[in-house]
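Report on the structure
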Amino acid sequence: MKKFTKIITLAALAFLFVGCGQKEQEVKKAPTIEEIQREKGKPVKVVTATQMSLNDVRSFNGSISGVQPATAIAKLSDPIKKIHVKIGSKVKKDQLLAEFEFTGDNIQLKQVEESVKLQEDITRRLKEVYEKGGVSQQDLEAQEMQLRIVKMQLEAARRANQVLAPADGIITEIFYDEGEVPSVGSKMFSTAKLDKVVLTLSSVTTKDIGLFKNGQNATVEMNGKTLTGKVSRIPMAANPVTRFFPVEITFNNSNRQLLPGMFVTASINTGSSKGISVPNDAVVYANGLNYVWTIEDGKAKRNIVQVGVADENYTQIKNGIEDNAVVIVDGMSRLDDNDKVLIVE
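Residues numbered from 1 in each chain as written. Predicted model: local features only at pLDDT ≥ 70, side-chain atom pairs only at ≥ 80, totals over all residues. Heavy atoms only, no water.

The next point concerns the overall build of the protein. Scanning the protein for helices and strands turns up four helices and 18 strands. Within the protein, contacts between residues separated by at least 24 positions form 72% of all contacts whose residues are at least 6 apart in sequence. By element, 52% of the accessible surface of the protein is carried by carbon and sulfur atoms, the whole surface being about 21900 Å². (Helix = DSSP H or I, 4+ residues; strand = E, 2+ residues; numbered from the N terminus. Contact = heavy atoms within 4.5 Å. Areas by Shrake-Rupley, 256 points an atom, 1.4 Å probe, with all protein chains shown as cover.)

And the structure:
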């Protein structure tokens, strides 16, 4: 009986040892991701660099202004009694925009009004005397001239007491509210024509100015729509302060989508360029340099490149890789130079 018990015990122990050995083997058969990548390579997606023509589209910033801008200024320093327009109002030249309260500063208007009444009475009486032969025609004409002079003075005084539109156009800015007191010579209203507007670029450098031609198309994206204008002025000198060239682009603006003061970005197609091109995702920017990863002999290689023209999808590579190079477009973040790679779809 004891002998039989020993046999059973030994068999059980043998079974346990075999089971443990199998589990150890199973653990050894589950390699880590790193082990798999060392053996088979890090997974990447690739494309082939090819020759391609890309449009050289450049972007420049600038601000919008109306055509034929004009300014109405204050000729008196008195409280503003009434403003007759608002921003966006369409006005005609000499239309009344605002008027001042009557104060001691504009008493001249009342004086000239009384002077006109007096001269009108004198002229009327003189005509009656002339018709009876009491005065000469020369005397009557002299009096009529005096009346015309005081009426001109009245018009000037009225204009000083009122603010009139300097030109036909749209009110684009109002600088004061009713009751406020402007200083003499200060801006009160700005007007401009908005059927056409001008975009003045503020970022055109000496290197870029040669890209522009009169009549060249330029586009602006606004509220989901593409607006097209044309280069209308190319300056022959840079701004002496900013050192940039204020190139102007004119847009038809019948729908008033572009308004004075807007800061927008214009895109200009300056031509096409052909060269080795890769998807934009293939270009990695780091530490002030551009890189493209390629595969050589099954291993990853990081190449410093000089980029050229780019569009929404592709970037041209001026130097750094060869035509038909196998270029990595996904998986670069996990790579080091000379890592073994596994190409996946």
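There's more to say after this.
Here the focus is the pattern of salt bridges. This structure, assessed with the given rule, holds eight salt bridges. Across the pair Asp-56 and Arg-58 runs a salt bridge whose closest N-O atoms are separated by 2.7 Å. Looking at Asp-56, the relative accessible area reads 12%, which means it is buried. Residue Arg-58 is classed as partly exposed on the basis of its relative accessible area, which comes to 29%. (Salt bridge = Lys/Arg side-chain N within 4 Å of Asp/Glu carboxyl O. Buried < 20%, exposed > 50% of the residue type's maximum accessible area, 1.4 Å probe, protein only.)

Per-residue confidence for the protein gives a mean pLDDT of 87; residues scoring 70 or more make up 89%. Of all the helices and strands in the protein, helix 1 (residues 2–28) carries the lowest mean pLDDT, 50, while strand 11 (residues 248–252) carries the highest, 97. (pLDDT = per-residue confidence, 0-100.)

Further remarks concern the sheet that holds strand 3 (residues 80–83). Pairing is antiparallel across the open sheet formed by three strands, whose spatial order is 3-5-6. One side of each edge strand has no neighbouring strand; the edge strands of this open sheet are strand 3 and strand 6 (162–164). The mean angle between the axes of side-by-side strands here comes to 20°, regardless of whether they run parallel or antiparallel. Pairing of strand 5 (residues 96–100) with strand 6, which is carried by three bridges, proceeds in the antiparallel orientation. The residue bridging Ala-98 from the neighbouring strand is Val-163, located in strand 6. Against the sheet, helix 4 (residues 137–161) touches strand 5 and strand 6, its axis set at about 85° to strand 6. (Pairing = 2+ DSSP bridges. Axes fitted to C-alpha atoms, helices over the stretch in contact; angles between N-to-C directions.)

Next up on the list: the packing of helix 3 (residues 107–131) against helix 4. Pairs of packed helices are described in terms of their axes, by the angle between the two and the distance that separates them. In contact at an axis separation of 9 Å, helix 3 and helix 4 are set at 160° when each is read in the N-to-C sense. It follows that helix 3 is roughly antiparallel to helix 4 by the angle criterion. Relative to helix 4, helix 3 is oriented so that their crossing is left-handed. Among the residues forming the contact of helix 3 with helix 4, the class breakdown is eleven nonpolar, eight polar and seven charged. (Parallel < 35°, antiparallel > 145°, perpendicular 65-115°, else oblique. Left-handed = near helix turned anticlockwise from the far one by under 90°. Nonpolar A, V, L, I, M, F, W, Y, C, P; charged D, E, K, R; others polar.)

Taken as a class, soluble globular proteins show a tendency for nonpolar side chains to be buried jointly. Counting 24 residues, the largest nonpolar core has Leu-199, Leu-201 and Ile-249 as its most contacted members. Every element with two or more residues in this core is listed here: strand 2 (50–73), strand 8 (187–201), strand 9 (217–222), strand 10 (225–233), strand 11 and strand 12 (263–279). For this core, the element with the most residues is strand 8, which contributes five residues. (Core = buried A, V, L, I, M, F, W, Y, C linked by side-chain atoms within 4.5 Å.)

Quick look at the pairing of strand 16 (residues 314–319) now. Pairing of strand 12 with strand 16 involves three bridges; the strand directions are antiparallel. Within strand 16, the position partnered with Val-278 by the bridge is Thr-315. Inspection of the sheet shows strand 15 (residues 299–310) paired to strand 16 by three bridges, in the antiparallel sense. Pairing of Ala-310 across the sheet is with Thr-315, part of strand 16.

For the rest of this paragraph, the subject is helix 4. Each full turn of the α-helix corresponds to 3.6 residues, which orients residues three or four apart in the same direction. Given a rise of 1.5 Å per residue, 25 residues ought to cover 36 Å, and the 36 Å separating the end C-alpha atoms of helix 4 matches this to within 8%. On the buried face of helix 4, the contacting elements are strand 5, helix 3 and strand 6. (Expected span 1.5 Å × (residues − 1).)

A word on helix 3. The first and last C-alpha atoms of helix 3 sit 37 Å apart over 25 residues, in line with the 36 Å expected at 1.5 Å per residue. Buried within helix 3 are the following residues: Leu-109, Val-112, Val-116, Gln-119, Thr-123 and Leu-126. Packed against the buried residues of helix 3 are helix 4. Phi for Gly-133, located one or two positions after helix 3, is positive at around 80°.

Let us now look at unusual backbone geometry. A positive phi angle, near 55°, is found at Asn-223, a position not held by glycine. In this fold, Asn-223 is placed in the loop between strand 9 and strand 10.

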